[in-house]
Amino acid sequence: MLRPSLRKPDQMRPVEIETNVNKWAEGSCLIKIGGTHVICTASVETQQPLWKRLQNKTGGWVTAEYSMLPRAVGVRKPRDAMLKDHRAAEITRLIGRAFRAVVDMEKLGKHTIIIDCDVIQADGGTRCASITGGFVALSLAVKKLLADGRIHENPIGDYVAAVSVGSRGGELILDLDFEEDCGADLDANFVVTGGGKFIEVQATGESSPFDASKINDMMALAAKGCADLVALQKQVLE
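The structure contained in this document is the topic of the report that follows. By convention here, each chain's residues receive numbers from 1 onward along its written sequence. In keeping with the predicted nature of the model, local features appear solely for residues at pLDDT of at least 70, side-chain atom pairs appear and are counted solely at 80 or more, and the whole-chain, interface and lining totals rest on all residues. Heavy atoms from the whole structure form the basis of all side-chain values; hydrogens and water molecules are not counted.

## Some words on empty space enclosed by the protein
Here is step 1 of the chain: Only protein atoms enter the 1 Å grid, on which a cavity is a set of points fitting a 1.4 Å probe that cannot get out and a pocket is an open set with protein on both sides within 12 Å along at least 5 of 7 lines, lining residues being those with an atom within 4 Å of a point. Grid points are joined across faces, edges and corners, and a volume is the space filled by probe spheres set on the points. On inspection of all chains with the given rule, the structure shows one cavity of 30 Å³ or more.
Here is step 2 of the chain: Considering the residues around the largest cavity, the lining is formed by Met12, Arg13, Ile33, Gly125, Cys128, Ala129, Ala162, Val163, Asp175 and Leu229.
Here is step 3 of the chain: Comment: elements are numbered from the N terminus, with helices defined as DSSP H or I runs of at least four residues and strands as E runs of at least two. When residues of the lining of the largest cavity are traced back to their parent elements, those giving at least two are α4 (126-147) and β6 (160-168).
Here is step 4 of the chain: Of the residues belonging to the lining of the largest cavity, the class tally is seven nonpolar, one polar and two charged. When residue character is reported, Ala, Val, Leu, Ile, Met, Phe, Trp, Tyr, Cys and Pro are called nonpolar, Asp, Glu, Lys and Arg charged, and the others, Gly included, polar.

What follows is the structure in structure tokens.
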């Protein structure tokens, strides 16, 4: 089946990452994956989160916040609705988990890094773009901590990227845009390390249940897409 964008089944949309787009943040980037554009910033606080201090825990913390601007979508989304957005809360937790999986909190010291992912234009795959761009912002913030002598070892153990894979008309496709996402029979998001290991798999049979063999094929396609994204991350971070 021909994709609306005329891409091949295993072809991603064009990806661009521009770093240092925010004057104040310790790390920042603008990531564009097709029509999805996300600004990612990493802010460093020189103390642990309150819960760690109250429990006398050692090490730092990495967390995230995700949101969409009112006109990131076709019909304006009021700002007060954003405060009750359960989808945004779920994506926020996903992003935080993705980064914590590759960060050594002891090496981070008593620092908290907050990754803000703000979608300025949405056309499918906003959570995946947020993770891929957010990792770049996180890496830049860690580089600054190292350069300033505030930490002495890199706490990041591997790269992290994310991509969607779906089934449309019985065919597996990589990196779904909004139109494809709406018509997918099966939709999944994969968070993958630079070493090819999976941090998280989110899959939903939109129209019918699916079997394990389908997921295995989707994981292989996602690994390919994330490998390309990691290659771009390495390029912009060098």
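Let's pick the thread back up.
## Describing the pattern of salt bridges
Here is step 1 of the chain: By definition here, a salt bridge exists when the distance from a side-chain nitrogen of Lys or Arg to a carboxyl oxygen of Asp or Glu is within 4 Å. A complete count under the given rule lists 10 salt bridges for this structure.
Here is step 2 of the chain: For the salt bridge of Glu180 with Arg7, the shortest nitrogen-to-oxygen distance reads 3.2 Å. Of this pair, Glu180 sits in helix α5 (residues 178-182) while Arg7 sits in the segment before β1 (15-19), and the two are 173 residues apart along the sequence.
Here is step 3 of the chain: Of the residues examined, Glu180 reaches a relative accessible area of 0% and is grouped as buried.
Here is step 4 of the chain: Across the pair Glu153 and Lys107 runs a salt bridge, and its minimum N-O distance is 3.8 Å. Highlighted residues: Glu153 in the loop between α4 and β6 and Lys107 in the loop between α3 (86-100) and β5 (112-121), separated in sequence by 46 residues.
Here is step 5 of the chain: Each of Arg3, Arg7, Arg13, Asp175, Asp177 and Glu180 takes part in salt bridges that share partners, so that together they form one network. Burial classes: relative accessible area under 20% of the type maximum marks a residue as buried, over 50% as exposed, and values in between as partly exposed (1.4 Å probe, protein chains only).

## Regarding the sheet that holds strand β2 (residues 27-33)
Here is step 1 of the chain: Two strands make a pair as long as DSSP finds a minimum of two bridges between them. In spatial order, the strands read β1-β2-β3-β5-β4; together these five strands make up an open sheet with mixed pairing. In this open sheet, the two strands that pair with only one neighbour each are β1 and β4 (61-68). Here the strands of the sheet are splayed against their neighbours by 15° on average, with no regard to which way each runs.
Here is step 2 of the chain: Where β2 meets strand β3 (residues 36-45), seven bridges bridge the pair, whose relative direction is antiparallel. Looking at β3, one finds that Ile33 is bridged to Thr36.
Here is step 3 of the chain: Contacts from α3 reach β4 and β5 within the one sheet, and its direction differs from that of β4 by about 145°. Note on geometry: axes are lines fitted to C-alpha atoms, helical ones only across the stretch in contact, with angles between N-to-C directions running from 0 to 180 degrees. Throughout, a contact is declared for two residues whenever any of their heavy atoms are within 4.5 Å.

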